[in-house]
Structures are given as structure tokens and as C-alpha cells.
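Understanding the architecture of this molecule
Now for the letters of each chain:
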Amino acid sequence: MALPSTYADFYRRSIDDRDAFWAEQAQLVDWHKPFDRVCNYDKAPFARWFEGGLTNLCHNAVDRHLKDRADQNALIFVSTETDTETVYSYRELHAEVQRMAAILRSLGVGKGDRVLIYMPMIAEACFAMLACARIGAIHSVVFGGFASHSLASRIDDAQPKLVISADAGMRSGKVVPYKHLLDEAISLAVHKPQHVLMVNRGLADLAPVAGRDVDYASLRQQHLGAQVPCEWVDSTHPSYILYTSGTTGKPKGVQRDTGGYAVALAASMRHIYMAQPGETYFSTSDIGWVVGHSYIIYGPLINGMATIMYEGLPTRPDAGIWWSLVEKYKVSVMFSAPTAARVLKKQDPAYLSKYDLSSLKALFLAGEPLDEPTATWIANAIQKPIIDNYWQTETGWPIMAVCNGIEPAPTKFGSPGKAVYGYDVRLIDESTGEEITEPNKKGVIAVEGPLPPGCLQTVWGDDARYVKTYWSSIHGRTMYSTFDWGVRDADGYFFILGRTDDVINVAGHRLGTREIEESISSHPAVAEVAVVGVADQLKGQVAVAFAVLKDPALAASEADALKLEGAVMKVVDEQLGAVARPAHVRFVSVLPKTRSGKLLRRAIQAVCEGRDPGDLTTMDDPTALQQIRELVS
Ligand code: PRX
């Protein structure tokens, strides 16, 4: 396909000549039957991409590469926790995925059935995702760091026929058992999956439940020579559900299609990540997050690359580990989060520079704001371009980036770049609801519909919630809200200024403060609680809770308060997972609220960060904020 000479032309065409643009990009993937229509936006804001087309994600990620790349590396699994390194060629990956697909079939899973995947970063998790895609089943991967309540609410929402899990993950040399959390989640959930397929790593007790739990290794043995053809599905057939936090306590199931997602990822690999087939891609995320879906599993494989799946820390056995993998597997593109770079920043940069990084084109960072000192430190340590990009679970691929694959462009510190092709990005003035066109003025980042291919189709099982949560109409134009503040400079570069809602970002992990509040409120001593995100040097943000006790005497002494803080943290650990545990739980006698009873979370956050809390004329009891001020000072 002929590439236009400038990014500005490329971008304009994606908006002004949308269908022709995307029809061209769609040539990057295989279609069993060509599509009839590029974008059907008749029922706005619901966009249907490549309608009438039949395709399959697994075919595009695996089978189509067998012709030219059967013996090329496809999946490189590295665990520094269990000292394992296993490389699967495309031929081997194809065989493993077919075995897994045959197992799924034998357990009664078919097209449209949901399969919940609750697994550590092991190769079998990749086989499981691809096997679901292969037979048209819809996977829902739940991050291994989430605990029983989080898992139960996802089981009830997705109603999986099957759960695939493992005995345990490992972190920093410690076994993190999964099975008991899963059993507890299933007992808490109203919906009961028919079967649980267990991968036994020999790390923790499996405690099999008779009639429900089945063993992966023995079933795999029965299906060694399995041949399971790809099920051709409509382009709009859902490929997966991925839960993410929002304003309310109930996580939203982001539903992704098949054809649009394949096209969006294939195009992004070339235009944004400058990644070529045959190279190796290394994303340090986790399959439980969107980056893992798009850029550990589907994107690199669709692009005919080898992908590295890494279980372990960036600093074990030492801070050179990731960079030794870059050297060993000739990684050309690396993708991580600013938090990981901040963790490395505490180490000697010699660990990074001692390896041959000549294969590496760039390190991409996303998921949270990238601060200048971190960007400079890591750029100096590895002597490679550091490229920020901004996106969301909802979009599945970048909204803002520098598209070096189209036209090399400079980066600006603190900016994830310009609007990416396909996204008609607008800034909206929150008070007037009008569009902001002048530069350097803060507004809510919005995208005029339709969202490009690859973005969420809807909220699983709740079209009304999808429309109500994300969409509004401005002078008859449908606008998707990102819930992020931003500004655009005169050159079209954006700067992200934080969330407009109660979502926080801890070490690149997206969490809802309402979910944490609900969990803390379930502690019998707690009357009410406010959780806010507070700036943190290492993690970007941490959650801090301010709780009012039913009986204040329970935290009368410092020792009592400490004990209670530990107990509250334990509740969060057990229900949501350690990932959501607040850094501090402080006890107060009253929370700052408006006279109508609305919690003033922003004012609490400002005080915690030493900023001016702003206009407090609507506050009911001014002493409430004073208490918090004293506690944090
Ligand atoms: O607030 C923005 C922040 O992370 C949110 C999305 O998180 P999640 O759904 O987990 O998806 C992450 C995909 C990379 C956004 O609404 N965010 C993401 N990228 C950036 C960012 N904030 C600043 N700079 C970024 N590059």
C-alpha cells in the first residue's frame, strides 16, 4: 500500500476518507470472506466495523504465518521465578493452541461461550486465549493480582462456562497461590462454571473439586495430535471481555470485536511501533491488562513476530534481566510502563548498558504519566528513543502517539504525541460543553464518533450503560469521553492532566476508588470511608483511605489505629487483591462533604498532595478537612 508522505496527510485521510482509509488497512489481515461494508454507524454510537467479513483472530495470529514462518520463534516464555525458558515456534504454538482448543471443545465450550482465564504469566495462558479465539469462544482474562470478590463479580457478569486457572503464580521468589481464591470466588458467585481447567505447576495445593475440576496435563495428553480448524466468525463477533474500573463500584466489561481489533493492531504495529514481521517484541505488561492482550499476545503475533512473555520482576536476579533478554532474543521493540522505569532508576544504569541493545529501535511507555526525570534517566541508560503513548482499556490501542512508522517526528517531554489516525480527538470545555479549539487550554479529551476499529463495541451485556457512561451529544455530534483532562499545544501535541472521575492509577494499574471504598466499608468497624489517589514518587499514585469508625475508641491509641489499619488492609487484600491495598488507612471523626452530602474527594486529594483544595463554600463542616490536614502533615 502506498504511504502518504506526511503524517498530517495520513491522519486527515483517516478522518475525511474514513472508509477508504480503513479498507486499505484491512489488507494487513486475512479475511475468509471479504467485508461488505467498512463502517456501519447507522446506530450511533455503536460502530460495526468490516460488516459481512468473516475472519478469525487465531488464524491471523498463528495459522497464516505457518506458510512462511513455521520454524520461526513465536512465543518465548521466560520465568525468572521458576527458572524456566521455553521457546515455541509458530508450528509448536499452532499445535499447543489446537490441543487447548480440543480440550475446550471436549468440555463443551463452543462459539459465543465465555471462558474466564485466571492465570499467571505462563505459556498456557497464551494458548488459552488463542484457543478461545480459534473456536469463537469469548475469553475474559482476570488479572492474577485480583482476589476472590473481584473474581466473583466478573464470574457473575461474564457467566463463563469454563474457568482456566493454575495452582499458583510466583512473585519475588514467593509462591502466590491462586486455587483457593478461585474456589472462594466460585462459592461467592451466583453463576457456577461447569468446569475448571487447572494447569498444575507443582507450586501449590490444587484441592481438586470432584466433577468440576479437570487436569490440563492429562487432557493435553489425550489431544496431542488434535486438529481443530479455526471457526470463521463475523468481524463483529466479540473476541473478548476485559473488565476495567470506572466511576461506580461495579467494573465494566469492555467488549471487543474480532475484525476491527485485528486490523487496528496490525496497523498499529507498523505505523506506531515500527515493528516488522520476523522481529521480536517484548512487552513487560501482564496478560490481565489491556497492554497484555494487545501487545503481548495479539499484536505481535498478528504481525508475524516473536513475543516474549515474562514472569518475574525487572530487578531479579538483577536489573540487567530484561536487557539481557533484549540481547539474547534480538528484541526490536520494547513496551513497558513508567513505573517499571522508575523501579530501574533506583539501580545502577550499568546493569542496563552492559548488554548489546543494538537490535532495539525504541522503548515505548504507556499507562500512566511519564515524568521527565524518569524519561531522561532511562533514555541515557539505554541510549534509545523513549516513546510515550496514551490509550485506555476501552480503546485497545493508542489514541495518542508519534507515528514514526509513517513519518519520523520528534517527541516532546511530557507529551504522548499527537492524535493517532482514526481518532477524531476533540477537547471539550467541561463548564460550557463546547469544543475548545485554541491551543494550551485545558479540557476533557473526547473523540468524535465513530471510534476507530479495535475500540470497545459496548459494555458487556449492558448497551445502555455503554451509551450513558461514555457518550454525549454536542450539537448533534456523538462524543466519546476518555475521562481524562488534557491540553493540546500549537503543534498538535497533547499533554495528559489526569482523570476527571474517581479512577486512580497505581503503578500503571487502573483502579476504581469506589471499589476500594466498598471493600473497606465491609469491615465491621468502619462506618464510612473516602479513598483518594495521592501522588507517589515511585508508583505515580497510591490509594489513601480516610475512614470514620462506628466506635472511635477503637483507634484511640496509636497502637490500636495501627492494628486496625492492618485489619482493614487485610480485608482489601482478601476481597480485591493486594494490588488495590491502600498505602495508608487513616481514621477521622468526620469526612469532608458538601451540604447535600457529596464526598469532597478532590479536596481531600488536594490536601494530601499539599495543594490548595479550592472553593470550599459548599462544605458542610470545615473542621473535617482540617483533621485530614493535620493527619497528613
Ligand atoms: O488516565 C489515563 C492513563 O491510564 C488510563 C487508562 O488506563 P488503562 O485502561 O489501564 O489502559 C492503559 C493502556 C496503556 C487513561 O485514561 N494513561 C494511559 N496512558 C497514559 C496515561 N496517562 C498519561 N500518559 C499516558 N501515556
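Refer to the preceding data block for the structure.
Counting starts from 1 at the beginning of each chain's written sequence and moves along it residue by residue. Side-chain atom pairs in this predicted model are given and counted only at pLDDT of 80 or more, local residue features only at pLDDT of at least 70, and totals for whole chains, interfaces and linings cover all residues. As a rule here, side-chain values come from all non-hydrogen atoms in the structure, and water together with hydrogens is ignored.

**Focus: the overall build of the chain**
Here a helix means four or more residues in a row that DSSP labels H or I, a strand means two or more in a row labelled E, and each is numbered from the N terminus. From N to C terminus, the chain includes 20 helices and 34 strands. With C-alpha atoms as the basis for the radius of gyration, the globule rule is written as 2.2 Å multiplied by the number of residues raised to the power 0.38. Taken over C-alpha atoms, the radius of gyration comes to 24 Å for the chain, in line with the 26 Å a tight globule of 633 residues would show. Projected onto its principal axes, the C-alpha positions of the chain cover 70 × 60 × 55 Å. For every residue, the accessible area (1.4 Å probe, protein chains only) is compared with the maximum for its type, and the residue is labelled buried under 20%, exposed over 50%, or partly exposed between those bounds. Looking at the 633 residues of the chain, the share that counts as buried comes to 60%.

**So, the pairing of strand 19 (residues 362-366)**
Counting buried positions over the five residues of strand 19 gives five, a clear majority of the element. Here strand 19 shows a buried face lined by Ala362, Phe364 and Ala366 and a second buried face lined by Leu363 and Leu365. Examined bridge by bridge, strand 18 (residues 331-336) and strand 19 share four bridges and lie parallel to one another. The residue bridging Met334 from the neighbouring strand is Leu363, located in strand 19. We call two strands paired when DSSP finds no fewer than two bridges between them.

**Comments concerning the environment of Arg601**
In this fold, Arg601 is placed in helix 19 (residues 601-608). Among the residues examined, Arg601 registers a relative accessible area of 13% and is labelled buried. In this structure the C-alpha to C-alpha distance between Arg601 and Glu184, which are 417 residues apart in sequence, comes to 33 Å. It only takes one pair of heavy atoms within 4.5 Å for two residues to be counted as in contact. In this structure Arg601 touches Asp502, Thr513, Arg514, Glu517, Val531 and Val532, once residues within four positions along its chain are discounted.

**Focus on the packing of helix 5 (residues 90-106) against helix 6 (residues 123-135)**
Between helix 5 and helix 6, whose axes approach to 8 Å, the crossing angle comes to 65°. Relative to helix 6, the element helix 5 is oriented roughly perpendicular. In terms of crossing hand, the pair formed by helix 5 and helix 6 is right-handed. Here Leu93, His94, Glu96, Val97, Gln98, Met100, Ala101, Leu104 and Arg105 of helix 5 come into contact with helix 6, specifically with Glu124, Cys126, Phe127, Ala128, Leu130, Ala131, Cys132, Arg134 and Ile135. When its residues are assigned to classes, the contact of helix 5 with helix 6 shows twelve nonpolar, two polar and four charged. Here an angle of 0 to 180 degrees is reported between the N-to-C directions of two axes, which are lines fitted to C-alpha atoms, with helices fitted over the stretch in contact. Working rule for angles: under 35 degrees goes down as roughly parallel, over 145 as roughly antiparallel, 65 to 115 as roughly perpendicular, anything else as oblique. For any pair of crossing helices, the crossing counts as left-handed if the nearer helix is rotated counterclockwise from the farther one by less than a right angle, and right-handed if it is rotated clockwise. Lys, Arg, Asp and Glu make up the charged group, whereas Ala, Val, Leu, Ile, Met, Phe, Trp, Tyr, Cys and Pro make up the nonpolar group; the residues left over, Gly among them, are polar.

**Some remarks on the packing of aromatic side chains**
Working definition: an aromatic ring pair is given by the centre-to-centre distance plus the angle between the planes. Stacked, tilted and edge-to-face pairs are distinguished by plane angle, under 30 degrees for stacked and over 60 for edge-to-face with tilted covering the rest, among Phe, Tyr and Trp rings (Trp via its six-membered ring) whose centres lie within 6.5 Å. Inspection of every chain in the model, using the stated rule, returns 39 aromatic pairs. Between Phe21 and Tyr421, the ring centres sit 5.9 Å apart and the planes meet at 45°, which makes this aromatic pair tilted. Of the two residues, Phe21 sits in helix 2 (residues 18-25) while Tyr421 sits in the loop between strand 22 (418-419) and strand 23 (424-428), which places them 400 residues apart along the sequence. On the accessibility criterion, Phe21 (1% relative accessible area) is buried.

**Some remarks on the pattern of salt bridges**
Salt bridge criterion: a side-chain nitrogen from Lys or Arg within 4 Å of a carboxyl oxygen from Asp or Glu. With the rule as written, the count across this model stands at 43 salt bridges. A salt bridge links Glu528 to Lys593; the nearest nitrogen and oxygen atoms lie 2.8 Å apart. With Glu528 in strand 32 (residues 526-536) and Lys593 in the loop between strand 34 (584-588) and helix 19, this residue pair connects regions lying 65 residues apart in the sequence. Classification of Lys593 by relative accessible area gives partly exposed; the value is 22%. Beyond isolated ion pairs, a larger network of salt bridges with shared partners links Asp424, Arg426, Glu435, Glu448 and Arg477.

**Structural notes on unusual backbone geometry**
Backbone torsion omega between Ala44 and Pro45 reads 5°, so that peptide bond is classified as cis. The residue Pro45 is located in the loop between strand 1 (37-40) and strand 2 (48-51) in this model. Positive phi values are uncommon outside glycine, yet Gln383 reaches one of about 55°. On the accessibility criterion, Gln383 (62% relative accessible area) is exposed.

**What to know about the state of the cysteines**
Disulfide assignment relies on a single distance test, namely cysteine sulfur atoms paired within 2.5 Å. Applying the stated criterion to the full structure yields zero disulfides. Among the cysteines around Cys39, which has no disulfide bond, Cys455 carries the closest sulfur, lying 11 Å off.

**Considering the sheet that holds strand 19**
A sheet is described by the order of its strands in space; here seven strands give the open sequence 5-4-17-16-18-19-20, paired in mixed fashion. This sheet does not close on itself; its edge strands, each paired only once, are strand 5 (84-89) and strand 20 (386-389). Neighbour to neighbour, the strand axes of the sheet diverge by 20° on average, direction disregarded. In this structure, strand 16 (residues 280-283) lies alongside strand 17 (residues 306-311), joined through three bridges in parallel fashion. Paired with Phe282 across the strands is Ile308, a residue of strand 17.

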